[in-house]
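One-letter residues, chain by chain:
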Amino acid sequence: MATLLYRLGRGALRRRRLVVTLWLVALIGLGGAAALFRGPTSSDFTMRGTESQEALDLLAKEFPAASGATGTIAVKAPADGQLGTPQGQAVIRELVQEASSLPGAVGAVDPFQAGAVSPTARYALIQVQFSGGADEITDEQREAYEDIGARAESQGYQVAPGGEVLNAEPEVGSTEAIGVLVALIVLVVTFGSLVAAGMTMLNALIGVGAGMAGLFALSAVIDLTSTAPILALMLGLAVGIDYSLFITSRYRQNLLSGLTPEEAVGRAVGTAGSAVVFAGATVVIALAGLAVVNIPFLTVMGLAAAGTVTVAVLVAITLQPALLGFAGQRVLPRKLRGTAPADVDVAEDRSGFGFRWARWVTRLRIPVILAGLLGLGLLAVPATDMRLALPDAGTAPVGSPARTSNDLITEGFGPGFTGRLVVVVSGDSAEQTTAALPRVSQEIQGTEGVLAVAPPQLSPDGRTALLAVIPETGPTDQATETMVHDIRGAVGGIDGADVLLTGVTAIGIDVSEKLADALPIYLLLVVGLSVLLLMLVFRSILVPVKAALGFLLTVAATFGITVAIFQQGTLADLVGLDTPGPLVSFLPILLIGILFGLAMDYEVFLVSRMREDFVHGDTAAQATINGMGHGARVVTAAALIMMSVFGGFVFLDDPIIKSMGFALAIGVAIDAFVVRMTIVPAVMSLLGDKAWWLPRWLQRTLPNVDIEGEGLRAHLDEKAAAGVR
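A brief structural summary. (Residues numbered from 1 in each chain as written. Predicted model: local features only at pLDDT ≥ 70, side-chain atom pairs only at ≥ 80, totals over all residues. Heavy atoms only, no water.)

What follows concerns the overall build of the chain. Scanning the chain from terminus to terminus reveals 24 helices and 11 strands. Seen through its C-alpha atoms, the chain measures out along the principal axes to roughly 100 × 50 × 45 Å. Counting only residues that meet the buried cut, the chain has 56% of its 725 residues in that class. Long-range pairs, those at least 24 residues apart, make up 80% of the contacts in the chain with a sequence separation of at least 6. Split by element, the accessible area of the chain, about 29,400 Å² in all, is 60% carbon and sulfur. Side-chain charges in the chain split into 46 positive and 63 negative, and the spacing between the mean points of these groups amounts to 18 Å. (Helix = DSSP H or I, 4+ residues; strand = E, 2+ residues; numbered from the N terminus. Buried < 20%, exposed > 50% of the residue type's maximum accessible area, 1.4 Å probe, protein only. Contact = heavy atoms within 4.5 Å. Areas by Shrake-Rupley, 256 points an atom, 1.4 Å probe, with all protein chains shown as cover. Lys, Arg positive; Asp, Glu negative; His and termini not counted. Charge placed at Lys NZ, Arg CZ, Asp CG, Glu CD.)

This is the structure in structure tokens:
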């Protein structure tokens, strides 16, 4: 592979104008396709095979008028009892009429007829039914809904529209630019050259632009969840910068060694590019592997992110060499440009921080290993209390329309009214359904944790009925989850009708449980994959096992810190979190897939140099120090860049994106600085020569992927002996 990439790098430099032109044409073409074919994203996190989804499918077929999106308008009068007066009732009737005439609305329910007025006659809830689903609500319909009640507010009433109608695609704004700016500063400091830093960033931006444009162009034919493009952008930008950084860094080293630009590019792509391809392939495999858990929206998220990572790899090994050809020696600091190799001190400087740190870590390896394990173990403790759920309006930013409505409902009626459940009763005939309803209602009312059961609503043919169930506790409360299971157990055996429980709260519980069940399977798959891939790369057994165990430490500590902040509320103000709550249900499984790829990235860049020096005659201890000494600066810069890019998404208000950005940033920090740059060299020093042991039968069985470029060096030696350039 290294020899093939060497030729690819040289060819890209020789035909740099053609390569740049082709990429620009591709970028413009994909951008045009995205503009023409971009489809809407979805906030639908339901999944087939769950009771809640089965109930929704039944409603869409038998009771279509009740299958659309719903909104709840909370109204608060200036004083207690005011809604019981003729003036207060007139205000409510006017609001109901206004809600019924909203674009896309089927109708609105009078709270006096539905019994949705608080005992104090100060609060009321107006239910609004829309014809289309939540993902079909247009921006104009959503804006009209949010602006309802201006006349009532002028009379001192508080009107707070809420519900799934307000679900909108999260916006990516200027806050993410902060992360990109920090990444650019890190590049400037690392390279000491604005040209090198700017070119590396430009290369990454072209790659992420092409990847995102291609993703949006496909959104017309695939269902993208609202978070899928954000995740793809986050990952594509982070790995794009890092992969370009690795190749540019190796190119600069080659220039300083006296190689011509063409040869320097070829060798950079052949060596660092091999590691980039392996690292990128690892990330792609891990993300595409999300399809194994058979959860559609998660599969789409994984494949979308995998697509942008694939583009980032292609850009790094094709466009980057072309841009380096245009830059020439301008990627070097000014004082080193145009100097002959003899004038540059290329002797290995072993006084740098990387070498000093490696010597210290290997000398104190036992205390370092124990301290690292103890520290990460303590950080992982909060993960034992981890709870998973889909976010509800109670965790939305304070002051947002959804949060204002949620708080007003809780204030007037209690937390259970913010997460109503819907029981669907369906029989073969209207008589069967009618006969089953009294027992269904009785069983639900007798379930612990149920506050109230509303009278049934019948479909036009009478075969399907809906019962609204109000819990005593909020949507993400553990007691609500228990109550949902109790209700299903109580009504599951009723004869004569199918009884299914759904609603936003039930959907969230079903999704979270299915994801939790899939998590151990996916974790086992990822760990097994890491051992297999690293065994191929390093031709060792202990090194892959050590890497997999380090990955598990990273994941555990990351989960612990994320739970402590986002669920338990410790230091929540630092990340702008208004209200702590359970983690987003798909965060752990996504985090495992992404961190796996990134962890293997750093493992390869550090340990491959260790193996290279060991193979060429260094002792295991010296090889460990050399690997750290040469790789520490680049890996540090790469980790800081990823942390900056991921950290930029923490400033978004959306709780899903905020928690994803934070968890990825802290996970990269732990894996790069604690696991890979501290525990790994200590363990490698402790293992010594045994780290590279591999049974002879396995040596013969495993293919040689040549990630260190041994085949490339042999190829270059043959060329030199033959006098071929």
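Read on, since the account is not over.
Quick look at the environment of G394 now. Checked against the element boundaries, G394 lands in the loop between β5 (388–389) and α15 (401–413). Of the residues examined, G394 reaches a relative accessible area of 14% and is grouped as buried. The spacing of G394 and M643 is 249 residues in sequence and 28 Å in space, taken between C-alpha atoms. When sequence neighbours within four positions are dropped, the list of residues in contact with G394 reads R403, N406 and T579.

Tallied over the full model, the rule gives 10 aromatic pairs. Measuring from ring centre to ring centre gives 5.7 Å for F297 and F586, while their planes differ by 70 degrees; the resulting arrangement is edge-to-face. Placement of F297 in helix α12 (residues 296–327) and of F586 in the loop between β11 (583–584) and α20 (587–615) is noted, with a sequence separation of 289 residues between them. Taking the relative accessible area as the measure of exposure, F586 reaches 0% and is therefore buried. Centroid distance F614 to W692: 5.9 Å. Interplanar angle 25 degrees. Geometry classified as stacked. Of this pair, F614 sits in helix α20 while W692 sits in the loop between α22 (655–687) and α23 (696–701), and the two are 78 residues apart along the sequence. A residue is classified by how much of its surface remains accessible, and F614, at 23% relative accessible area, is partly exposed. Taking relative accessible area as the criterion, W692 reaches 12% and is therefore assigned buried. One aromatic cluster in this structure is built from F353, W357 and W360. (Phe/Tyr/Trp six-rings, centres within 6.5 Å; stacked < 30°, edge-to-face > 60°.)

Pairing within the open sheet is antiparallel, and its four strands lie in the order β2-β3-β1-β4. Edge positions in the sheet fall to β2 (105–109) and β4 (158–163), since each of these pairs with one other strand and no more. Each strand of the sheet is rotated relative to its neighbour by a mean of 20 degrees, with strand direction disregarded. Sheet topology places strand β1 (residues 70–76) next to strand β3 (residues 123–130); seven bridges connect them, and they run antiparallel. Its bridge partner being in β3, A74 is matched across the sheet by L125. (Pairing = 2+ DSSP bridges. Axes fitted to C-alpha atoms, helices over the stretch in contact; angles between N-to-C directions.)

The biggest cluster of nonpolar side chains holds 172 residues, and the ones touching the most others in it are L298, F551, F586 and F646. The greatest single-element share of this core, amounting to 19 residues, is contributed by α12. Setting aside residues no more than four positions away along its own chain, L298 makes contact with L290, V293, L515, F586, I589 and L590. (Core = buried A, V, L, I, M, F, W, Y, C linked by side-chain atoms within 4.5 Å.)

Before going further, it helps to spend a moment on α15. For α15, spanning 13 residues, the distance from its first C-alpha to its last is 18 Å, which sits close to the expected 18 Å at 1.5 Å a residue. Of the positions making up α15, those classed as buried are R403, S405, N406, L408, I409, G412 and F413. In this structure, the buried residues of α15 make contact with β1, β3 and β4. (Expected span 1.5 Å × (residues − 1).)

Let us look at the side chain of T190. Mapped onto the fold, T190 is located in helix α8 (residues 175–191). For T190, a relative accessible area of 14% gives the class buried. Sequence-distant contacts of T190, that is, excluding residues within four places in its chain, are made with L245, R252, R633 and A637.

Here we take up the packing of helix α21 (residues 620–648) against α22. Where α21 contacts α22, the two axes come as close as 8 Å, and the packing angle between them is 170 degrees. The angle between α21 and α22 places the two elements in the roughly antiparallel class. Mapping the contact onto sequence places T624, M628, A632, V635, T636, A639, L640, M642, M643, F646 and G647 in α21 and G661, L664, A665, V668, A669, A672, F673, R676, M677, P681, M684 and S685 in α22. Counted by class, the contact of α21 with α22 contains 17 nonpolar, five polar and one charged residues. (Parallel < 35°, antiparallel > 145°, perpendicular 65-115°, else oblique. Nonpolar A, V, L, I, M, F, W, Y, C, P; charged D, E, K, R; others polar.)

Let's shift gears to the pairing of strand β9 (residues 464–471). In terms of residue burial, β9 counts as a mostly covered element, since seven of its eight residues are buried. Two strands pair when backbone bridges link them, and strand β6 (residues 421–426) and β9 are joined in this way by six bridges, in the antiparallel orientation. Its bridge partner lying in β9, V425 is registered against A465. As paired strands, strand β7 (residues 450–453) and β9 are joined by three bridges and run antiparallel to one another. Directly across from V453, in β9, lies its bridge partner V469.

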